[in-house]
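The primary structure of each chain is shown beneath.
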Amino acid sequence: MNVVFAVKQYISKMIEDSGPGMKVLLMDKETTGIVSMVYTQSEILQKEVYLFERIDSQNREIMKHLKAICFLRPTKENVDYLIQELRRPKYSIYFIYFSNVISKSDVKSLAEADEQEVVAEVQEFYGDYIAVNPHLFSLNILGCCQGRNWDPAQLSRTTQGLTALLLSLKKCPVIRYQLSSEAAKTLAECVKQVISKEYELFEFRRTEVPPLLLILDRCDDAITPLLNQWTYQAMVHELLGINNNRIDLSRVPGISKDLKEVVLSAENDEFYANNMHLNFAEIGSNIKNLMEDFQKKKPKEQQKLESIADMKAFVENYPQFKKMSGTVSKHVTVVGELSRLVSERNLLEVSEVEQELACQNDHSSAVQNVKRLLQNPKVTEFDAARLVMLYALHYERHSSNSLPGLLVDLRNKGVSEKYRKLVSAVVEYGGKRVRGSDLFSPKDAVAITKQFLKGLKGVENVYTQHQPFLHETLDHLIKGKLKENLYPYVGLSTLRDRPQDIIVFVIGGATYEEALTVYNLNRSTPGVRIVLGGTTVHNTKSFLEEVLASGLHSRNKESSQTTVRSANRR
C-alpha cells in the first residue's frame, strides 16, 4: 500500500497510452498539485511531454503537432472547459483522464462537443488525492466543518478523495468510525454509499482478511497538532511550512535568489529520504558528515566545520560545490534556518514545557513553568498562546485551574486578542466535553503500569516523550482490542480476524507526528500495512486556522471561565 507509487503508476500509464510523439499535459489547479508531488518536470520531459498547461488558461496557442493528455478532476467547471476546448481544438488528438467517477451525462456532453473527432480516449484514473509520503495522503482541504457538521462541498470532495484512494489501492474495505463524532459517522456512510452504488468498480480479488477503513476526528486529539516537532519533515512543516513539497525561504535573512523556494521530496532527494524521520540532532551531524566526505576530495581546502554557521559559510564560498551538490546547499540552508528559529524563539525550553503539559500530570509544576515562560521576552506570542492552550486542554476541569490568571498573563505580555480568544476556541473544539477518549489519564491497568514505569525510568528524550493518541488507537486495532462500542462498524460487515491492511482517515487533518507513528508501526509490525490520510496535514498554524474555520469560537466569548474505470473498464 504505497500511495506515491499508486499515483505515479497512473501518470505513467497516461503518458504510455498516448503513444510516441510530442505531448502537452493539460491539467487543472488540483491535478497540477497531484502530479507535481510524484513527478519532477525533468522526469516527465524525458517521456516526451514538452508542455504543461492549465485547462483554465485563456492564452494557450494552437499547436496541432502536439498530442494532448488531459488529467482533470470531474467537476462541472472542468467539463465546461473541455467542451469549449473540443469545439475549437488546439491540439491534434486528446486523451482524457478524469481523476474520479464521471457521470454518463457529462461523457455524453463531451461526445456531442467532439464534432471534429479528436478524442481518442476517455478514462477514469483514480489519482484524486495528494500523495505526501508512501504511507501518507492529504486532500489539501482546510476548514472542512462548520461547527460539528460537514461543510457540504467539503464532504463531497472528501468522499470522492477517499473512494479514489480505495480504488487506486484496489481495496474494498470494512468501515469503522469514531462514535463520538457525527462528522465521522456521516463520512463513513457516504463512502459506504459510493461503494454500494459503484459496486462493479470495487470488485477486487478478495483477501482472507478484508481491508479496514477507520475514520477518526481531529477533535479527539487537539494536543498533537499544538506541539513543536523535532524530526526533520515535521519540524520543517512546523517552523517553515510545507506546501505540496515546497518550502518558502524568501524571509530567511540573507537568502540567495536560487534558494528562495526549495523542494523537499523523498522521491528525488536521497538525503531527505534518509533523514526525514530522524531527529534534529542527527540531521545536523549527518549534514556535517556529508560535507566532510566532500572535503576529503579537496585536501588543500580542508577546514573544520564546528557549527551550522561554518557550514553555511563553507557552502557559500564554494560555487563549484553548490553546482555539484545543490542538495547539500539546500539542506544546510533549511537546517540553518531551523537552528536560527529554535534559538531565537527559545524553542528547546518551550518544547520541554509543552511535553510536560502533554505527558505529565503535575499541575503545580505545569502552572509554574508556563508562568515562567510567559515572562520570558524571547517567547513569541504564538508560542505563549500555544502553551496556555495546552494547559487549558489538560487541566480544563482541575480543581485548582489557573486559566484566568494565565489569560491575564497573556494580555500583560501583549499577546493579541486573536490568540487569547483562540484559547477558549481550542477547548471548545477539542475539550473534555467533545472527546470520545481520555487523552491524559490512562484507565486500564496496563496503561497505568506503563506510565508508572516510564516515570521510574525517566525519558530518553524530553522533547519526544509524547505519542499521538492515534498510536494507542492503532495498537488496540492491530491487536483486535479496539472497542466496538466506541468505534462501531458501518452496516453488517465486521472483522473476526485482526486487520492487516488498514487505512486511517482523520477529519480535520492529520499531522506529521502521526505519520511518523504510522511509519514506525509499519516497520515494527510484520504483516500489517497502514496508510494514514487527512483532509489536510497540519502544523500548529494551520490547525488554529481549522479551529477558527469551524466557527466554534464565535459561540464562546473569551472569558476567564472558560483503480481504473473507463469507456473501456480496467
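Residues numbered from 1 in each chain as written. Predicted model: local features only at pLDDT ≥ 70, side-chain atom pairs only at ≥ 80, totals over all residues. Heavy atoms only, no water.

The name an unreviewed UniProt entry assigns to the chain is Vacuolar protein sorting-associated protein 45, from the organism Cavia porcellus. UniProt, in its Function (unreviewed entry) section for the chain, records the words "May play a role in vesicle-mediated protein trafficking from the Golgi stack through the trans-Golgi network." Word for word, the UniProt comment on the chain under Sequence similarities (unreviewed entry) is "Belongs to the STXBP/unc-18/SEC1 family." (UniProt positions renumbered as here; feature names shortened; annotations may be inferred.)

Side note on the sheet that holds strand 7 (residues 136–138)
Taken together, the six strands give an open sheet; going across it, the order is 6-7-17-15-11-10, and neighbouring strands pair in mixed fashion. Looking along the sheet, the strands with just one partner apiece sit at the ends: strand 6 (130–133) and strand 10 (174–177). Between one strand and the next, the sheet's axes are offset by a mean angle of 25 degrees, whatever the strand orientation. When strand 10 meets strand 11 (residues 212–217), the two strands line up parallel, connected through four bridges. (Pairing = 2+ DSSP bridges. Helix = DSSP H or I, 4+ residues; strand = E, 2+ residues; numbered from the N terminus. Axes fitted to C-alpha atoms, helices over the stretch in contact; angles between N-to-C directions.)

Observations regarding helix 20 (residues 469–478)
The buried fraction of helix 20 amounts to seven of the ten residues, a majority that puts the element mostly inside the structure. Looking only at helix 20, the buried set comprises Phe469, Leu470, Thr473, Leu474, Asp475, Leu477 and Ile478. The elements touched by buried residues of helix 20 are strand 10, strand 11, strand 15 (501–507), helix 21 (512–524) and strand 17 (529–534). Trailing helix 20 by a residue or two, Gly480 shows a phi angle of about 75 degrees, which is positive. (Buried < 20%, exposed > 50% of the residue type's maximum accessible area, 1.4 Å probe, protein only. Contact = heavy atoms within 4.5 Å.)

Some words on the pairing of strand 1 (residues 23–27)
Of all five residues that make up strand 1, five are buried, and the element is covered over most of its length. Side chains Lys23, Leu25 and Met27 of strand 1 all project onto a buried face; the interleaved residues Val24 and Leu26 project onto the opposite face, where all are buried too. As paired strands, strand 1 and strand 3 (residues 67–72) are joined by five bridges and run parallel to one another. Each residue of the ladder has a partner; that of Met27, found in strand 3, is Phe71. Relative to strand 2 (residues 49–54), strand 1 is paired through five bridges, and the arrangement is parallel. Bridging across to strand 2, Leu26 finds its partner in Glu53.

Concerning the packing of aromatic side chains
Tallying each qualifying case throughout the model produces ten aromatic pairs. Here the aromatic rings of Tyr97 and Phe125 are separated by 4.8 Å at their centres, their planes lie at 50 degrees, and the arrangement is tilted. Highlighted residues: Tyr97 in strand 4 (residues 93–98) and Phe125 in strand 5 (residues 119–125), separated in sequence by 28 residues. Ring centres of Tyr129 and Phe137 lie 5.7 Å apart, and the angle between their planes is 65 degrees; this geometry places the pair in the edge-to-face category. (Phe/Tyr/Trp six-rings, centres within 6.5 Å; stacked < 30°, edge-to-face > 60°.)

So, the nonpolar core
Counting 161 residues, the largest nonpolar core has Ile215 and Ile507 as the members making the most contacts within it. A per-element tally of this core places helix 16 (residues 381–394) first, with ten residues. Ignoring any residue separated from it by four or fewer positions in sequence, one finds Ile215 in contact with Leu162, Ile175, Arg176, Tyr177, Gln178, Ala184, Leu187, Ala188, Phe505 and Ile507. Formed by 20 residues, the second largest nonpolar core is a distinct cluster that contains Leu66, Leu72, Ile83 and Leu110. (Core = buried A, V, L, I, M, F, W, Y, C linked by side-chain atoms within 4.5 Å.)

Some details on helix 15 (residues 363–374)
A rise of 1.5 Å per residue sets the reference length of helix 15, with its twelve residues, at 16 Å; its end C-alpha atoms lie 17 Å apart and thus fit the reference within 8%. Turning to helix 15, its buried residues are His363, Ser365, Ala366, Val367, Asn369, Val370, Leu373 and Leu374. Here the buried face of helix 15 lies against helix 14 (347–359), helix 16 and helix 17 (403–413). (Expected span 1.5 Å × (residues − 1).)

Side note on the packing of helix 14 against helix 15
Packing of helix 14 against helix 15 leaves a shortest axis separation of 10 Å and a crossing angle of 155 degrees. By the angle between their directions, the pair helix 14 and helix 15 is classed as roughly antiparallel. Note that helix 14 runs across helix 15; the crossing there is left-handed. From helix 14, Glu349, Val350, Val353, Glu356 and Leu357 reach across to helix 15, where they touch Ser365, Ala366, Asn369, Val370, Arg372 and Leu373. For the contact of helix 14 with helix 15, the class distribution of residues is six nonpolar, two polar and three charged. (Parallel < 35°, antiparallel > 145°, perpendicular 65-115°, else oblique. Left-handed = near helix turned anticlockwise from the far one by under 90°. Nonpolar A, V, L, I, M, F, W, Y, C, P; charged D, E, K, R; others polar.)

A closer look at the sheet that holds strand 14 (residues 261–263)
Sheet strands associate in pairs through backbone hydrogen bonding, adopting either a parallel or an antiparallel arrangement. In space, the three strands of this open sheet follow the order 12-13-14, with antiparallel pairing throughout. Among the strands making up the open sheet, the edge pair consists of strand 12 (242–243) and strand 14. In this structure, strand 13 (residues 246–248) lies alongside strand 14, joined through three bridges in antiparallel fashion. The residue of strand 14 that forms the bridge with Ile247 is Val262.

Some points on the environment of Leu548
Within the element layout of this structure, Leu548 appears in helix 22 (residues 540–550). Sequence separation between Leu548 and Gln146 is 402 residues; the distance between their C-alpha atoms is 9.8 Å.

So, a nonpolar patch on the surface
A cluster of nonpolar side chains, Met22, Leu45 and Tyr50, forms an exposed patch at the surface whose accessible area comes to about 270 Å². Of note, Tyr50 is situated in strand 2. A relative accessible area of 44% means that Tyr50 is categorised as partly exposed. (Patch = residues over 30% accessible without salt bridge, like charges linked within 9 Å, V, L, I, M, F, W, Y side chains within 5 Å. Areas by Shrake-Rupley, 256 points an atom, 1.4 Å probe, with all protein chains shown as cover. Salt bridge = Lys/Arg side-chain N within 4 Å of Asp/Glu carboxyl O.)

Things to note about the pattern of salt bridges
On inspection of all chains with the given rule, the structure shows 29 salt bridges. Among the salt bridges present, the one from Arg345 reaches Asp383, with a minimum N-O distance of 3.0 Å. Residue Arg345 is found in the loop between helix 13 (326–344) and helix 14, and its partner Asp383 is found in helix 16; the two are separated by 38 residues along the sequence. Taken as a pair, Arg345 and Asp383 share a single burial class, namely buried. Linked through salt bridges whose partners overlap, the residues forming this network are Glu238, Arg345, Glu354, Asp383 and Arg386.

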